[in-house]
2 protein chains.
Amino acid sequence: MSDQPARTELSTLGEFGLIDRIASAVELVNPSSLQGIGDDAAVIDAQGLMQVVTTDMLVEGVHFDLGYVPLKHLGYKAMVVNFSDVCAMNAEPRQATVAIAISNRFSVEAVDELYTGMLAACKHYGVDLVGGDTTSSTSGLVLSITAIGAARTEDIVYRHTAKENDLLVVSGDLGGAFMGLQVLEREKAVFRQDPNVQPDLSGFDYILQRQLKPEARKDIIALFREMKLKPTAMIDISDGLASEAMHIARRSGLGVRIYDDKIPMDPLTIQTARDFHLDPSTCALNGGEDYELLFTIAQSDYEKVKGSPHFTVVGHMTDKASGYQLVDKQGGLHALKAQGWDALLKS
Amino acid sequence: MSDQPARTELSTLGEFGLIDRIASAVELVNPSSLQGIGDDAAVIDAQGLMQVVTTDMLVEGVHFDLGYVPLKHLGYKAMVVNFSDVCAMNAEPRQATVAIAISNRFSVEAVDELYTGMLAACKHYGVDLVGGDTTSSTSGLVLSITAIGAARTEDIVYRHTAKENDLLVVSGDLGGAFMGLQVLEREKAVFRQDPNVQPDLSGFDYILQRQLKPEARKDIIALFREMKLKPTAMIDISDGLASEAMHIARRSGLGVRIYDDKIPMDPLTIQTARDFHLDPSTCALNGGEDYELLFTIAQSDYEKVKGSPHFTVVGHMTDKASGYQLVDKQGGLHALKAQGWDALLKS
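(A) Examining the overall build of chain A more closely. Looking only at helices and strands, one finds eleven helices and 13 strands in chain A. Expressed as lengths along the three principal axes of its C-alpha atoms, the size of chain A is roughly 65 × 60 × 30 Å. Sequence separation of 24 or more characterises 85% of the internal contacts of chain A that already satisfy a separation of 6 or more. Positive and negative side-chain charges of chain A, numbering 31 and 47 respectively, have mean locations separated by a distance of 6 Å.

Structure follows, in structure tokens:
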């Protein structure tokens, strides 16, 4: 028992004490954040820019498993997935609010861990935590984050504005977050059978990081400005390449064609998928949680992305009648499907 | 069994089906709402105004009991409490996002009821539902709403800007929402003992409405403009008059004095409190959920509120050293306490 970390009950702080504790850890850095935590609402000076707003809710037992996700990582990731949505509008994240429901199963130290992760993400992305709500929960932990970003009107990129024959481009590589999750779940199963076995996570650093500490591609947004490249449509990859490409196509009234052999994947992702008897491309197409940017560009902009280590052209937009297609490595045509993770693991 | 309303399982819709169903019920009315549901983020044109942002989370079993709160009312109230926070900044609510975690215990029809209530509130207040998130829950219903409002820089009113000797003013009347809750809980207890007994809610219309269908005082914000009155500080009453007055005082570095005999209460609230053997003033001071506005004004503005049916002067701000005081009907001085509901019912 003596090795247990300190445990302070949440009830010793109370709601206002908890809010004060959080507020004291926050320092506003954006000139646009006029009022943060401590009033009925935060006040944001839009500074003549458009404001983009996105909300995500994470539920314990549905979106995360505290059995293998440290609270600090959970906090970081919960913020990042929202910043990623802001980036997918070609906007820069600036403010965030956090609503949290938490049961007395959690200690003050646990809440500190969670906020440490959230504030680390805020600091890394230059975002101010400007408000939120804290409440008790009858069961697990529920986090709801709203992120607010800013962009010039002419810079905002929607999902529904892709054009026929536009090239479909993705940043970074795909499938890693999904394979990281498979490794974590395997080790958890081993641990359950024999708690004396130490988890064997060595050698999986890259894909574990992709799963546990993903990043939003704010750097890509900045790169677009430098390159004077404006995508015609954009989305971030939270549900997998197939699902997101189909979102752009459907919302733009088009079809889409993806080439299997063009999908960018890290060698570790490919090797781990094979070790798990999974098809690597399928993991990239349906695995999700990579938080890379998927966007379309006019063919006339091809020279701008050609040869870039950041971008890979994975396909192109077609007319609506052609539907959603996957071209396999032998040139065969298949219907593209948004399977989601469950279907992927059952198949 | 034949009298049961139709029940459609949520699984028949899926997440995207549910989002489409919600989106199809939404029509944007604000010129500032450039993009609503359907992209990575909503886009808002601030139109040169400051943006205010507030978030509230409601958890089943903590904030509401579906045993006596109809889902439509819950949806309406969940929106209104956020609009009230926006009004408390002297701003007008314009946009909202909703994140919802829901278990398969709820049917599509139940979710429709909830959104019908939320959208009724949006329509009543001229607010656009511009985004959100829907997810499954392992247990109850969790709602997290973020509301965004707009105001001119010079109109925004904070909590921390009250001045010594300012008058403390409240809109409407207090304690009704708390007494409405007591009536609902009494009838629920009776129903539990004997499910054949019909609940007796007749004659309690006003206080039941205060509890089940509160309104944000957007009309008061408009009235301030007409009256050319700008409060020096403002907060909305969600936790009770005592707690909110102390927030203004604490944040402004002042003390506050409230006069018991000045607290505005409806006769039904007073009578019901007495029937429950509760002190009416205590219910107003600590009951909460009235969503009236509590604000301070310079003494030179007294003529503007004097005789108004909308406003009651309940006290004034003092120097910090005088602390937080309640003056009873006999002129005796007591320490003002923010008890909260639990303490109130135990006392």
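(B) Local environment of the sheet that holds strand β1 (residues 33-35) of chain A. Strand order in this open sheet of six strands is β1(A)-β2(A)-β3(B)-β6(B)-β4(B)-β5(B), and the pairing throughout is mixed. Lying at the two open borders of the sheet, with one neighbouring strand each, are β1 of chain A together with β5 (128-136) of chain B. Strand-to-strand twist of the sheet, defined as the mean angle between neighbouring strand axes without regard to direction, takes the value 20°. Bridge analysis of strand β4 (residues 92-102) of chain B against β5(B) gives eight bridges, and the strand direction is parallel. Residue pairing in the sheet places T97(B) in a bridge with G131(B) of β5(B). Along the sheet, helix α2 (residues 71-87) of chain B contacts β3 (50-59), β4, β5 and β6 (142-151) of chain B; its crossing angle with β3(B), the most-contacted strand, is approximately 145°.

(C) Quick peek at the environment of A335(A). All names here are of chain A. Its location among the elements puts A335 in strand β13 (residues 333-335). On the basis of relative accessibility, which here comes to 59%, the residue A335 falls in the exposed class. Residues A335 and V86 lie 249 residues apart in sequence; the distance between their C-alpha atoms is 30 Å.

(D) Structural view of the pattern of salt bridges. Residue and element names in this part refer to chain A. One pass over the full model with this rule turns up 34 salt bridges over all chains. Measuring nitrogen to oxygen at the nearest pair gives 2.8 Å for the salt bridge that ties E9 to R7. When its relative accessible area of 44% is taken as the criterion, R7 is described as partly exposed. Residue R210 is joined to E292 by a salt bridge in which the shortest nitrogen-to-oxygen separation is 2.8 Å. Taken together, the positions of R210 in helix α5 (residues 205-212) and E292 in the loop between α9 (280-286) and β10 (293-297) put the pair 82 residues apart, joining distant regions of the chain. For E292, a relative accessible area of 1% corresponds to the buried category. Salt bridges linked by common partners bring R210, R217, D219 and E292 together as one network.

(E) Summary view of the packing of helix α4 (residues 176-193) of chain A against helix α8 (residues 267-275) of chain A. Residues and elements named next belong to chain A. Where α4 meets α8, the axes come as close as 9 Å, and the angle between the chain directions of the two elements is 45°. Classed by the angle they form, the pair α4 and α8 counts as oblique. Crossing of α4 against α8: the hand is left-handed. In this structure, α4 contributes G176, M179 and V183 to the contact, and α8 contributes T269, T272 and A273. Considered class by class, the residues forming the contact of α4 with α8 number three nonpolar, three polar and no charged.

(F) Examining the interface of chain B and chain A more closely. Between chain B and chain A, the contact holds 57 residues from the first and 57 residues from the second. Taken over both partners, the interface formed by chain B and chain A buries close to 4300 Å², and the fraction arising from carbon and sulfur atoms is 55%. Among the residues of chain B in contact with chain A, D40(B), V53(B) and M57(B) are the three that bury the most area, contributing 16% of the side total. Viewed at the interface, chain A and chain B are joined by six salt bridges. Among the salt bridges present, the one from D40(B) reaches R159(A), with a minimum N-O distance of 3.2 Å. Scanning the region where chain B abuts chain A turns up 20 residue pairs in polar contact (both at pLDDT 80 or more).

(G) How the structure looks around the domain arrangement of chain A. Residue and element names in this part refer to chain A. Taken domain by domain, chain A holds domain 1 (10-155) and domain 2 (167-346). Relative placement of domain 1 and domain 2: their C-alpha centres are 26 Å apart. Facing the 21 residues of domain 1 at the interface are 22 residues of domain 2. Together, the buried faces of domain 1 and domain 2 total about 2100 Å²; carbon and sulfur atoms form 56% of this surface. On the surface where domain 1 and domain 2 come into contact, there are two salt bridges. Taking the shortest distance from any N to any O, the salt bridge between D65 and K188 comes out at 2.2 Å. The interface formed by domain 1 and domain 2 includes ten residue pairs in polar contact (both at pLDDT 80 or more). Of all the secondary-structure elements, those providing two or more residues to the side of domain 1 that touches domain 2 are α2 (71-87), β4 (92-102) and α3 (108-125). A total of nine residues in the side of domain 1 that touches domain 2 trace back to one element, the largest contributor, which is α2. The residue inventory of the side of domain 1 that touches domain 2, partitioned by class, reads eleven nonpolar, four polar and six charged.

(H) Inspection of the sheet that holds strand β10 (residues 293-297) of chain B at higher detail. All names here are of chain B. Across the sheet, seven strands lie side by side as β8-β10-β7-β11-β9-β12-β13; this open sheet has mixed pairing. Strands with a single pairing partner mark the edges of an open sheet, and in this sheet they are β8 (233-236) and β13 (333-335). Between one strand axis and the next, the sheet turns by 25° as a mean value, whatever way the strands run. Where β8 and β10 come together, four bridges link them in antiparallel fashion. When the sheet's bridge partners are listed, I235 is paired in β10 with L294.

Analysis parameters
Residues numbered from 1 in each chain as written. Chains lettered and ligands numbered in written order. Predicted model: local features only at pLDDT ≥ 70, side-chain atom pairs only at ≥ 80, totals over all residues. Heavy atoms only, no water. Helix = DSSP H or I, 4+ residues; strand = E, 2+ residues; numbered from the N terminus. Contact = heavy atoms within 4.5 Å. Lys, Arg positive; Asp, Glu negative; His and termini not counted. Charge placed at Lys NZ, Arg CZ, Asp CG, Glu CD. Pairing = 2+ DSSP bridges. Axes fitted to C-alpha atoms, helices over the stretch in contact; angles between N-to-C directions. Buried < 20%, exposed > 50% of the residue type's maximum accessible area, 1.4 Å probe, protein only. Salt bridge = Lys/Arg side-chain N within 4 Å of Asp/Glu carboxyl O. Parallel < 35°, antiparallel > 145°, perpendicular 65-115°, else oblique. Left-handed = near helix turned anticlockwise from the far one by under 90°. Nonpolar A, V, L, I, M, F, W, Y, C, P; charged D, E, K, R; others polar. Buried area = accessible area lost by both parts, 1.4 Å probe. Polar contact = N/O pair within 3.5 Å; in protein donor to acceptor, adjacent residues only side chain to side chain. Domains from an automatic or database assignment.

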